[in-house]
Amino acid sequence: MNTTQFDINQIVRENVKGLNPYSSARDEYVSDGSKMIFLDANENPYENGVNRYPDPQQRNLKTVLAEQKSVLVENILLGNGSDEVLDLLFRAFCEPGIDNVITLPPTYGMYKVLANINNIEEREVLLTDTFQPNVTSIFKTIDENSKIVFLCSPNNPTGNSFSEENVLQILEKFKGLVVIDEAYIDFSDKESWISRIKEYPNLIITQTLSKAYGMAGIRLGLCYASQDIISVLNKIKPPYNVNELTQKRALDRVSNIGQVNIEVSSILTERAKLIQALRQIEFVEKVYPTDANFILTKVDNANMRYDQLLKQGVVVRNRSTQPLCKDTLRFTVGTKEENKKLIEVLQSI
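Residues numbered from 1 in each chain as written. Predicted model: local features only at pLDDT ≥ 70, side-chain atom pairs only at ≥ 80, totals over all residues. Heavy atoms only, no water.

## Observations concerning the overall build of the protein
Line of reasoning, step 1. Each helix and strand in the protein was counted, giving 12 helices and 11 strands.
Line of reasoning, step 2. Over its C-alpha trace the protein gives a radius of gyration of 22 Å, about what one expects of a compact globule, namely 20 Å for 349 residues.
Line of reasoning, step 3. Each of the three principal axes of the protein carries a C-alpha extent, and together these read 65 × 50 × 35 Å.
Line of reasoning, step 4. A buried classification covers 52% of the 349 residues belonging to the protein.
Line of reasoning, step 5. Relative to all contacts within the protein whose residues are 6 or more apart in sequence, the contacts with residues 24 or more apart total 69%.
Line of reasoning, step 6. Surface accessibility of the protein: about 17000 Å² in total, with carbon and sulfur atoms responsible for 48%.
Line of reasoning, step 7. Each charge class in the protein can be summarised by its mean position, and for the 39 positive and 45 negative side chains these summaries are 4 Å apart. (Helix = DSSP H or I, 4+ residues; strand = E, 2+ residues; numbered from the N terminus. Rg over C-alpha atoms; globule rule 2.2 N^0.38 Å. Buried < 20%, exposed > 50% of the residue type's maximum accessible area, 1.4 Å probe, protein only. Contact = heavy atoms within 4.5 Å. Areas by Shrake-Rupley, 256 points an atom, 1.4 Å probe, with all protein chains shown as cover. Lys, Arg positive; Asp, Glu negative; His and termini not counted. Charge placed at Lys NZ, Arg CZ, Asp CG, Glu CD.)

If you want it as structure tokens, here you go:
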């Protein structure tokens, strides 16, 4: 099966096809900047910066993102964090109690949670020992009710990117949607798959401002896909899903991409130092390759080492409950001072 056989009308839920989305006051009248008296949305008229409803299509922010990513504004959907974007995909394309999605553990845990919330069967296909998609097993698991394959690359919690060959096999043979979660792409030297959305109509890219952009607190997720897919998602998203404060802070941040790049560069420098230091720690048995802002390590006893770190005031993530991740700890790359403290504690226990 190749992407020329992909037909979005075959995978959109029937109730969504016929849905008339809610039309808000800000959808019906879009300001051109003229001085107007707004008496259309039952708002409090006294200006305080947030007394008006936000732009439901986040046009100013999308315009900057479109230019930076070399896509059209119509190729972008913004959500209240990436989790809302992922939830919208389930609600638009997966029929509860009938359809299924494919996930590749160990991976981001919200795919499973959202599948359960939406009553969609989640079919798990473990990554290989080198943390790559097992393409043969994936296609043995797929059936006529498989709607989405979720690929997290760079992957959380392993940190590695999936090979282009493996991703292309899935993109070209699967007649459903392929979602590539690129939350950590800014820390990788691999090119984003955004540049391929014109080539593959079943490709969806999700990104976030929570990691490289340092804006986890404002909750803004990004989705890039064909205009057809974005149009479907716009039909079902809440009218004001991205609030005014988030839009303003996000616009300021993405407009200052130079500062973001400086911070990413610093994190990458610290990541290299931390990897080198971790390799010298006696109880660290393996340091896995990473394209993210974290490092997964295999240790002698993850539960014991986690508790020891905690007592020294350092909080890391114990990933030992995840498939293929027995006795692993995940270290987020911190500031220079934080990483120095981490190394000192590791050397002392």
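There's plenty left to go through after this.
## A closer look at helix 9 (residues 244-254)
Line of reasoning, step 1. Among the residues of helix 9, those classed as buried are Thr246, Gln247, Ala250, Arg253 and Val254. Viewed along the axis of helix 9, the buried residues span an arc of 135°, placing them on a single side of the element. Seen from the open side of helix 9, the exposed residues pointing more than 90 degrees away from its buried face are Leu245, Arg249 and Asp252.
Line of reasoning, step 2. Against helix 3 (59-69) and helix 10 (257-278) lie the buried residues of helix 9.
Line of reasoning, step 3. Where helix 9 begins, the capping side chain belongs to asparagine 243, and its oxygen is found 2.9 Å from the backbone nitrogen of leucine 245. (Arc of directions from axis to C-beta. Polar contact = N/O pair within 3.5 Å; in protein donor to acceptor, adjacent residues only side chain to side chain.)

## Comments concerning the packing of aromatic side chains
Remark: the centre distance and the inter-plane angle together describe each pair of aromatic rings, the angle taken between the planes.
Line of reasoning, step 1. Scanning all chains against the criterion turns up seven aromatic pairs.
Line of reasoning, step 2. Among the aromatic residues, ring-to-ring pairing joins Phe90, Tyr108, Tyr111 and Phe150 into one connected group.
Line of reasoning, step 3. The lysine or arginine in question, arginine 305, covers the ring of phenylalanine 283, its NZ or CZ lying 4.0 Å from the ring centre.
Line of reasoning, step 4. Over the face of the ring belonging to phenylalanine 294 we find arginine 330, whose NZ or CZ atom lies 5.4 Å from the ring centre. (Phe/Tyr/Trp six-rings, centres within 6.5 Å; stacked < 30°, edge-to-face > 60°. Lys NZ or Arg CZ within 6 Å of the ring centre and 35° of its normal.)

## Quick look at the pattern of salt bridges
Line of reasoning, step 1. What the rule picks out here adds up to 22 salt bridges.
Line of reasoning, step 2. In this structure, lysine 112 engages glutamate 124 in a salt bridge whose closest nitrogen and oxygen atoms are separated by 2.8 Å. Linking lysine 112 in helix 5 (residues 110-117) with glutamate 124 in strand 3 (residues 121-124), this pair joins segments that are 12 residues apart in sequence.
Line of reasoning, step 3. We classify lysine 112 as partly exposed; its relative accessible area is 37%. (Salt bridge = Lys/Arg side-chain N within 4 Å of Asp/Glu carboxyl O.)

## Some details on helix 5
Line of reasoning, step 1. For helix 5, the full list of buried residues reads Tyr111, Leu114 and Ala115. Along helix 5, the residues classed as buried sweep out an arc of 105° about the axis, all on the same side. Opposite the packed face of helix 5, turned more than 90 degrees from it, sit the exposed residues Asn116 and Ile117.
Line of reasoning, step 2. Immediately downstream of helix 5, the backbone of asparagine 119 shows phi near 55°, a positive value.

## Thoughts on unusual backbone geometry
Line of reasoning, step 1. With an omega dihedral of 0°, the bond running from serine 153 to proline 154 counts as a cis peptide bond.
Line of reasoning, step 2. Of note, the amide linkage connecting asparagine 156 to proline 157 takes the cis form, showing an omega dihedral of 20°.
Line of reasoning, step 3. Residue position: proline 157 is located in the loop between strand 4 (146-152) and helix 7 (164-173).
Line of reasoning, step 4. Within the chain, serine 70 stands out as a residue other than glycine whose phi angle is a positive 60°.
Line of reasoning, step 5. By the secondary structure assignment, serine 70 is in the loop between helix 3 and strand 1 (76-79).
Line of reasoning, step 6. Overall, the relative accessible area of 63% leaves serine 70 in the exposed class.
Line of reasoning, step 7. Even without glycine at this site, asparagine 119 takes up a positive phi of about 55°.
Line of reasoning, step 8. Tracing the chain through its elements places asparagine 119 in the loop between helix 5 and strand 3.

## Some details on the sheet that holds strand 3
Line of reasoning, step 1. Spatially, the seven strands line up as an open sheet ordered 1-7-6-5-4-2-3, and their pairing is mixed. Every other strand in the sheet has two partners, leaving strand 1 and strand 3 as the edge strands with one partner each. Geometrically, the sheet is characterised by an average inter-axis angle of 25° between neighbouring strands, direction not taken into account.
Line of reasoning, step 2. Alignment of strand 4 against strand 5 (residues 177-181), held across five bridges, turns out to be parallel. Looking at strand 5, one finds that phenylalanine 150 is bridged to valine 179.
Line of reasoning, step 3. Set on the sheet, helix 3 makes contact with strand 1, strand 6 (203-208) and strand 7 (221-224); between it and strand 1 the angle comes to about 125°. (Pairing = 2+ DSSP bridges. Axes fitted to C-alpha atoms, helices over the stretch in contact; angles between N-to-C directions.)

## Looking at the nonpolar core
Line of reasoning, step 1. Ranked by size, the top nonpolar core spans 74 residues in total, and within it Leu151, Leu209, Leu220 and Leu309 carry the most contacts.
Line of reasoning, step 2. Sort the elements by how many residues they give to this core and helix 10 lands first, with seven residues.
Line of reasoning, step 3. Look past the residues within four positions of leucine 151 in its chain and what remains in contact with it is Leu104, Phe162, Val167, Ile170, Val178, Val179, Ile180 and Asp181.
Line of reasoning, step 4. Of all hydrophobic cores here, the second largest spans 32 residues; its members include Leu77, Val101, Cys152 and Cys223. (Core = buried A, V, L, I, M, F, W, Y, C linked by side-chain atoms within 4.5 Å.)

## Section: the pairing of strand 6
Line of reasoning, step 1. Burial runs high along strand 6: six of the six residues are buried.
Line of reasoning, step 2. Sheet analysis places strand 5 next to strand 6, joined by four bridges and oriented parallel. Paired with isoleucine 180 across the strands is isoleucine 205, a residue of strand 6.
Line of reasoning, step 3. Sheet topology note: the strand 6/strand 7 ladder contains four bridges and is antiparallel. Bridge pairing links glutamine 207 to leucine 222 in strand 7.

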